[in-house]
Structures are given as structure tokens and as C-alpha cells.
Amino acid sequence: MQEKIIELKNVTFVYDADEEGKTNKPAVNDVSLDIYKGEFVAVLGHNGCGKSTLAKLCNAIYEPTEGAVTVKGIPSEGEENGDKIRRIVGMVFQNPDNQIVATIVEDDVAFGPENLGVEPKEIRRRVDEALKSVNMYDMREREPHKLSGGQKQRVAIAGVIAMQTESIIFDEPTAMLDPSGRKEVMAAIQRLNKEMGITIVLITHFMDEAVKADRVVVMDKGSIIEQGTPREVFSKIDLLREHGLDVPQSAELCHSLGLGDGVIGMDECVDKVCAMLGGAV
Ligand SMILES: Nc1ncnc2c1ncn2[C@@H]1O[C@H](COP(=O)(O)OP(=O)(O)OP(=O)(O)O)[C@@H](O)[C@H]1O
Ligand SMILES: [Mg+2]
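Residues numbered from 1 in each chain as written. Chains lettered and ligands numbered in written order. Predicted model: local features only at pLDDT ≥ 70, side-chain atom pairs only at ≥ 80, totals over all residues.

Caption draft 1: Examining the overall build of the protein chain more closely. Counting its secondary structure elements, the protein chain contains 11 helices and 10 strands. Against the 2.2 N^0.38 benchmark of 19 Å for 281 residues, the protein chain shows a C-alpha radius of gyration of 20 Å, consistent with a compact globule. Dimensions along the principal axes, computed over C-alpha positions, put the protein chain at roughly 70 × 55 × 35 Å. When burial is assessed residue by residue, the protein chain has 44% of its 281 residues classed as buried. Across the protein chain, the fraction of contacts at a sequence separation of at least 24, relative to all contacts at a separation of at least 6, is 62%. (Helix = DSSP H or I, 4+ residues; strand = E, 2+ residues; numbered from the N terminus. Rg over C-alpha atoms; globule rule 2.2 N^0.38 Å. Buried ≥ 20, exposed ≤ 12 C-beta atoms within 10 Å, placed from the backbone. Contact = placed C-beta atoms within 7 Å.)

If you want it as C-alpha cells, here you go:
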């Protein structure tokens, strides 16, 4: 049996809830979800469907209005447990500028472990290792505000890695980046998962990022409406469209050409189109 890291049981969250918890519509509504050690899970969903709220429930920034969130068995209740949970589940947000606190790259990465009271020698080791793991070691003495968006976001990721969290939730980490910045950051995320075994939850609007995950979870109006492997989820083109979502271009093209559903890679798509054209000649 695989080890669960994050466990949500019938979790509902209402912003500005009154004493009965019924003022607003729930931002997250009766969600149950398990995230297993070493997994790479992508979360998709239309604007305002509750993805960021779900993320903040997973690392105890918010406590559920109803239901329970546990991280490695620790319930997300109270400040002390919240601190413990945030040492296990780190978070990277959309805007790298809001996450950088120091004027030199390596000082920024050291900030988290310093706050945890880690020994200076150990901090040095962690900072170097974290910067190497996101390919930013050569820029360790640079000023963060002079870096590109993708580089800044990789510094923010190194900051979380240096805290040695087992799991990282990324809330649209590439939304503000140009295509090359997006590629750099996605490559870094995949490396953390595959080479360092860090459990990843990636919230994204980009379907080509979601196809890289082991599991895709689709949300709408606070609830999980579908989940499965990328191939399973992206086979359901009509369902995704109904909920205002795109499908990867390869899936769309193969579907419209009648070449099958759930094609999630351009290589596979090209093979299918070539086979069709070959057959037609
Ligand atoms: N601080 C807040 N106070 C009150 N309501 C909020 C707050 N933050 C979010 N909401 C509401 O909760 C719902 C879910 O918001 P959330 O930010 O979790 O969605 P999201 O899926 O992350 O959206 P996006 O794709 O735009 O980032 C929305 O209706 C939103 O308006
Ligand atoms: Mg959001």
C-alpha cells in the first residue's frame, strides 16, 4: 500500500462563514482526495472553481469549515500543527516577484531554512544543492530582480527545496512566464519529482503541462468532477469542454480526425496522422 502524504476527507471550505458556516457558497465543496508519496498530480479547472483554496487547505493555510485535512497523519488544526504541515508541504505561487525577499539569490534561498533554525553549515549545503537542482547555481550571487521570470520562479522553487519539504504544491507557477520561462520551470518541476522523489501537486491552466502528470484531477464549482491518468481524462473531450476547459492540441486533432481519443503526445499524434496519410496514398 502506497503511503498517503495529503488526505482530504469530505472537505468543505466557506469564506467568511458565519457560525453555522453557511453564509457564502462553498469555495470547496465536499472534496475527498488522497495524494500519495512520489506522485505528480495536476489539478485543472475553470477560473474560480476552488483550486487555490484547495491548495491552501492542503498546507494548512486554511482549516476546513467541514471535513478533515491530514498531512502524514497530522490534522490541519491549530497553529502548531499548521507549522508542522508546512514543513512537509511547501507552496510556490503564481507571481515570483511576491515570493522573493532578499536582494541576492542565495540569501533568498537561505531565508526559509534560516527561519527554521537550521545550522549555518547545513544551510550552505542546502542552498547550493537547491540552486543546482533548478539549474540556478551559477547565478547564486546575482540580484533576483534582474533575472527573467522563469529564473526568478526557479529561485522561489529552490527556496522551498531548501526547506526540504517532501511535497510541493505549485499554484499556476508558469502563468506569468513567457514560453521559455514556462519550459524551464516545468523541466525543474519534473526533475524534482523524478530525480528527488518530491511529491508534486501542480495547479495549471495549461493542458500541455497537465499531460506530464501521473494523475489529473478536474474541478468545477468547488467539486472534483473527474480524475484519472492524463490519457483517461483527456479522452473525455465533451465533458472537459462542457466545463469550460481545453484539451491538449494532440487530443483535439486526433479526435476531430477520427483517429481516436486520449492522444496526449505530439509524437503519438504525428504517428497517427502519418499512418492515416500513408493509408490514404
Ligand atoms: N479571500 C477570499 N474571500 C472570499 N472569497 C474568496 C476568496 N478567495 C477566493 N474566493 C472565492 O472562492 C472561490 C474559489 O476561488 P479560488 O481562488 O480558490 O479559485 P481558483 O480555481 O484558484 O481560481 P483561478 O483559476 O482564478 O485562480 C471563488 O468564487 C472566489 O471568488
Ligand atoms: Mg487560483
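Additional details are given in the paragraphs that follow.
Caption draft 2: Here's a closer look at the site of ligand 1. With respect to spatial proximity, the complete set of residues near ligand 1 consists of Tyr15, Asp16, Ala27, Gly45, Asn47, Gly48, Cys49, Gly50, Lys51, Ser52 and Thr53. Among the elements that line the shell around ligand 1, the one with the most residues is helix α1 (residues 51-58), at three residues. Counted by class, the shell around ligand 1 contains three nonpolar, six polar and two charged residues. (Near = placed C-beta within 6 Å. Nonpolar A, V, L, I, M, F, W, Y, C, P; charged D, E, K, R; others polar.)

Caption draft 3: Here's a closer look at the nonpolar core. Residues Val43, Leu57, Cys58, Val109, Ala158 and Ile200 are the most contacted members of the largest nonpolar core, which totals 79 residues. For this core, the element with the most residues is helix α5 (residues 149-161), which contributes six residues. Ignoring any residue separated from it by four or fewer positions in sequence, one finds valine 109 in contact with Val127, Ala130, Leu131, Val155, Ala158, Gly159 and Ala162. (Core = buried A, V, L, I, M, F, W, Y, C linked by C-beta atoms within 7 Å.)

Caption draft 4: Broad picture of the sheet that holds strand β5 (residues 74-75). Here four strands make up an open sheet; going across it, the order is β2-β1-β4-β5 and the pairing antiparallel. Strands at the two margins of the open sheet, each flanked by one partner only, are β2 (28-36) and β5. As paired strands, strand β1 (residues 4-13) and strand β4 (residues 66-71) are joined by five bridges and run antiparallel to one another. Paired with leucine 8 across the strands is valine 69, a residue of β4. (Pairing = 2+ DSSP bridges.)

Caption draft 5: How the structure looks around the sheet that holds strand β8 (residues 199-203). If you walk across this open sheet you meet the six strands as β6-β7-β8-β3-β9-β10, and the pairing is mixed. Two strands in the sheet have a free side with no partner beyond their single neighbour: β6 (89-92) and β10 (223-228). Within this sheet the neighbouring strands show an average axis-to-axis angle of 20 degrees, counted without direction. As paired strands, strand β3 (residues 40-45) and β8 are joined by four bridges and run parallel to one another. Paired with phenylalanine 40 across the bridge in β8 is isoleucine 200. Set on the sheet, helix α6 (residues 179-196) makes contact with β3, β7 (167-171) and β8; between it and β8 the angle comes to about 150 degrees. (Axes fitted to C-alpha atoms, helices over the stretch in contact; angles between N-to-C directions.)

Caption draft 6: Fine view of helix α4 (residues 120-133). Here α4 spans 20 Å end to end across 14 residues, near enough to the 20 Å set by a 1.5 Å rise per residue. Structurally, α4 contributes buried residues whose contacts are with α3 (105-115), α5 and α6. Asparagine 135 lies just past α4 and shows a positive phi near 55 degrees. (Expected span 1.5 Å × (residues − 1).)

Caption draft 7: Looking closely at the environment of proline 64. Mapped onto the elements, proline 64 comes out in the loop between α1 and β4. On the basis of neighbour counts, which here come to 22 C-beta atoms within 10 Å, the residue proline 64 falls in the buried class. On a C-alpha basis, the gap between proline 64 and serine 76 in space is 8.3 Å, while along the polypeptide they are 12 residues apart. If near-sequence neighbours (up to four positions away) are discounted, proline 64 is found in contact with Val11, Thr12, Phe13, Leu57 and Val69.

Caption draft 8: Examining the packing of α5 against α6 more closely. At a minimum axis separation of 8 Å, α5 and α6 run at an interaxial angle of 20 degrees. Between α5 and α6, the interaxial angle falls into the category roughly parallel. As for how α5 packs across α6, the hand of that crossing is right-handed. Seen from α5, the contacting residues are Gly149, Gly150, Gln153, Arg154, Ile157 and Ile161; seen from α6, they are Ser180, Gly181, Glu184, Val185, Ala188 and Leu192. Split by residue class, the contact of α5 with α6 holds five nonpolar, five polar and two charged. (Parallel < 35°, antiparallel > 145°, perpendicular 65-115°, else oblique. Left-handed = near helix turned anticlockwise from the far one by under 90°.)

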